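Given next are the chains, with one letter for each unit.
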Amino acid sequence: MSAGTGGTGRHVVGRHVVVVGAGPAGLAAADAALAAGARVTLVDSAEQPGGQYHRMLPDAYEAANPDVLQHGYNAFEQRSMRVIGHRRSTWLADTSVWAIERDDPSRAPLVHVLTGGLPRERRTLRPDALVLAPGAHDRVLPFPGWELPGVFTAGAAQALAKGERVAVGDRVVVAGTGPFLLPVAVSLLEAGSRVVEVLEAARAASATRGWLRKPWELAAQAGKTGELASYTAALARERVPYLPGRAVIEARGDGRVEEVVSARVRGDWSVVPGTERVTAADAVCVGHGFTPRLELAVASGCELRGSAPAEVFVEVDGEQRTSAPGVYAAGEVTGIAGAPAARAEGAVAGWFAAGGDPSARTLAPLRRARDQGRAFAERLAHAHPVGREWPGWLRGDTIVCRCEETDYAAVCAAAGDPVSSEARVARLGTRAGLGPCQGRMCGVTVAELRARLGAPDPDPAAPHRRPVAEPIRLAELAAPPAEREG
Amino acid sequence: MSPRLVPHATDPVRRMETPVTVTVDGEPVRGIAGQTVAGLLLASGRTAWRATGSGAPRGVFCGIGVCFDCLVTVNGERDVRACRRRVHEGDAVSTQARDERGER
Ligand SMILES: Cc1cc2nc3c(=O)[nH]c(=O)nc-3n(C[C@H](O)[C@H](O)[C@H](O)COP(=O)(O)OP(=O)(O)OC[C@H]3O[C@@H](n4cnc5c(N)ncnc54)[C@H](O)[C@@H]3O)c2cc1C
Ligand code: FES
């Protein structure tokens, strides 16, 4: 089957656009690509579309009111039905991209996927254009005791509450930085947990400066600010203390979290001595922003932008095109800006990936929304920067790599040792980043710590290089693939 | 003091509950259809079900399949991410320790 011809060969349909990720960005990309006449294959490892923002309840729950947990549910549901029901679209649910193969440097790469339960079916997609919209996961900075059961990422608490109605604890502390802490606290309240306090490490002054600097940009994101206002109101109603300038610096307990230690932090997140306070809690939900899921972009050969390890994203142009031929990117992989921005970027990416008319009138408002989203992301980063001095709360025996249990002392020793001052050698020596998560949890943190300790890794893509993006079993590799799609 | 499922009767999403029973290290545990293995384990009051190389307990951390803290064995299949696998009636779930797996 040659590129650009449909399955039947009778009609020549548009280009074949493969979209990875069915969150706000990917779903919008699929919708726009279909509108531009393309044939679309939409892939997501989840069973339902929606991504992190529009996380759905399982079908088996047969929920009568799924919309009570979500902002913008109706618009999302309409779009997802339009995309999935479209005659030119194929929805591959429960399907993970496990590898990207650049077989021909002049065109979009091959996309290797695995579908379903055991044994998973292996398949290869051959796109004319590839849209990468795999989103992000929570970033959590290490602190003593963060490996104890009962310490969750903020996103985990959100996913469990929204996705299957599990409340992670009775007495919960929510901590970290960024506006995402608010919906997490509200979801917990809504699921019946008692939220003891919300600790925002950014000081009120920094957050206010960031948010109020150019108010017109905020007005443009009215949907988002309205949503945030509703969360603030809910927290006020339940009298949940929201404390800026305070961070969780330790979790303690025998085999699980029983209490957390928090302290006041300065603008650079250095701990103010003598301000430590102990709070009893059976769960702590922590988020220090998000880490983009860059492994597919790195495997596709996309150039990245940014040099500080936590500020590296996929570089895209005004049409969401990456530096790799035929590869577009949208959503949190290009910058952390929230669902509305992800949606706008996705639509622009899908349209151009499909070869849509660059002078189409519908593009102008999308581009505007995209640019406003980027401005919003800028402000977010300004209002909630991760302070440089956070490693001050680490101890020598604080675990940095959760998988291999590499501690801070080992990371420091490797950075100071001339032999392992090279990042790759250090990785082998300390094993940090070599466990089952392949450095997803600690990669950026270790890169940041090593840079501070005078052993920076010159390759910004290093924490994101995972040629095998999803574990694959030998038996699955050995089984013959299902037929390659054209 | 533990994680739990939002009570069915008062849940504003108005959902159905179809009971499911699995075994966890041989002991029968009840849950509902649609839950992930992690959701079921948490709702049954468990917060940890894996031991790391040093023997430290682990359960859910990221909740979305990226941290690999929540690994369990399901029906003999090792290293299944509990937060991503839905439960099925009769599933045999067993907790695992890192050292059994050998070197990667
Ligand atoms: C756990 C979590 C919960 C969140 N909850 C909220 C919330 O309630 N409110 C809010 O405002 N923001 C929330 N966010 C922030 C969220 O990232 C953005 O609001 C928004 O969802 C980003 O949209 P996106 O389309 O870029 O990515 P996402 O929505 O993350 O969608 C990306 C999709 O790509 C899929 N994917 C990734 N890699 C692969 C692969 N290799 N193969 C196949 N599929 C893949 C994922 O399964 C996912 O569905 C959450 C973030 C996280 C991590
Ligand atoms: S909790 Fe992180 S992979 Fe399951």
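Refer to the structure printed above.
One structure accompanies this document, and this report is about it. (Residues numbered from 1 in each chain as written. Chains lettered and ligands numbered in written order. Predicted model: local features only at pLDDT ≥ 70, side-chain atom pairs only at ≥ 80, totals over all residues. Heavy atoms only, no water.)

1. Some remarks on the interface of chain B and chain A
Thinking step 1. Contact residues are listed per partner, giving 47 residues for chain B and 58 residues for chain A.
Thinking step 2. In total, chain B and chain A occlude about 4500 Å² of area from one another, counting both sides; carbon and sulfur atoms represent 53% of this.
Thinking step 3. Across the contact surface, chain B and chain A share seven salt bridges.
Thinking step 4. Across the pair Arg165 of chain A and Asp11 of chain B runs a salt bridge whose closest N-O atoms are separated by 2.9 Å.
Thinking step 5. Where chain B meets chain A, there are 24 residue pairs in polar contact (both at pLDDT 80 or more). (Contact = heavy atoms within 4.5 Å. Buried area = accessible area lost by both parts, 1.4 Å probe. Salt bridge = Lys/Arg side-chain N within 4 Å of Asp/Glu carboxyl O. Polar contact = N/O pair within 3.5 Å; in protein donor to acceptor, adjacent residues only side chain to side chain.)

2. Quick look at the site of ligand 1
Thinking step 1. Surveying the vicinity of ligand 1 reveals 32 residues, the closest of which are Ala25, Asp44, Gln52, Gln158 and Lys162 of chain A.
Thinking step 2. The site occupied by ligand 1 is bordered by residues of chains A and B.
Thinking step 3. Between an oxygen atom of ligand 1 and a side-chain N or O atom of Asp44 of chain A, the distance comes to 2.6 Å.
Thinking step 4. Out of a free accessible area of 980 Å², ligand 1 has 96% covered by protein chains.
Thinking step 5. Taken together, the elements giving at least two residues each to the shell around ligand 1 come down to helix H1 (24-35), strand E4 (95-101), strand E8 (136-138), helix H3 (154-164) and helix H9 (339-353) of chain A.
Thinking step 6. The residue makeup of the shell around ligand 1, split by class, is 14 nonpolar, 12 polar and six charged. (Near = heavy atom within 4 Å. Areas by Shrake-Rupley, 256 points an atom, 1.4 Å probe, with all protein chains shown as cover. Helix = DSSP H or I, 4+ residues; strand = E, 2+ residues; numbered from the N terminus. Nonpolar A, V, L, I, M, F, W, Y, C, P; charged D, E, K, R; others polar.)

3. Examining the pattern of salt bridges
Residues and elements named next belong to chain A.
Thinking step 1. One pass over the full model with this rule turns up 36 salt bridges over all chains.
Thinking step 2. With its nearest N and O atoms 2.5 Å apart, the salt bridge here joins Asp31 to Arg82. A residue pair is termed long-range when its members are at least 10 positions apart, and Asp31 in helix H1 and Arg82 in helix H2 (residues 73-84) qualify at 51 residues.
Thinking step 3. Residue Arg82 is classed as partly exposed on the basis of its relative accessible area, which comes to 44%. (Buried < 20%, exposed > 50% of the residue type's maximum accessible area, 1.4 Å probe, protein only.)

4. Side note on unusual backbone geometry
Residues and elements named next belong to chain A.
Thinking step 1. Positive phi, normally seen in glycine, also occurs at Glu62, with a value near 40°.
Thinking step 2. Tracing the backbone through its elements, the reader meets Glu62 in the loop between strand E2 (39-43) and H2.
Thinking step 3. Here the phi dihedral of Arg239 falls at roughly 55°; this positive angle occurs in a residue that is not glycine.
Thinking step 4. In this fold, Arg239 is placed in the loop between helix H7 (222-237) and strand E13 (242-244).
Thinking step 5. For Arg239, a relative accessible area of 74% corresponds to the exposed category.

5. Some remarks on the packing of aromatic side chains
Thinking step 1. Inspection of every chain in the model, using the stated rule, returns five aromatic pairs over all chains.
Thinking step 2. Members of the aromatic cluster, each reached through a chain of ring pairs, are Trp269, Trp390 and Trp393 of chain A.
Thinking step 3. Its end group placed over the ring of Trp146 of chain A, Arg402 of chain A keeps NZ or CZ at 4.8 Å from the ring centre.
Thinking step 4. In this arrangement the basic side chain of Arg402 of chain A is found over the ring face of Phe61 of chain B, its NZ or CZ atom lying 3.5 Å from the centre. (Phe/Tyr/Trp six-rings, centres within 6.5 Å; stacked < 30°, edge-to-face > 60°. Lys NZ or Arg CZ within 6 Å of the ring centre and 35° of its normal.)

6. Observations concerning the pairing of strand E2 (residues 19-24) of chain B
Residues and elements named next belong to chain B.
Thinking step 1. What you see with E2 is a clean split: Val20, Val22 and Val24 sit on the buried side and Pro19, Thr21 and Thr23 on the side with no burial.
Thinking step 2. The pairing of E2 with strand E3 (residues 27-32) spans six bridges and is antiparallel. Looking at E3, one finds that Val22 is bridged to Val29.
Thinking step 3. From the end of E2 to the start of E3, which pair antiparallel, there are two residues, and Asp25 there has a positive phi angle of about 50°.
Thinking step 4. Pairing between E2 and strand E8 (residues 92-94): two bridges, direction parallel. Bridge assignment links Val24 to a residue of E8, and that residue is Val93. (Pairing = 2+ DSSP bridges.)

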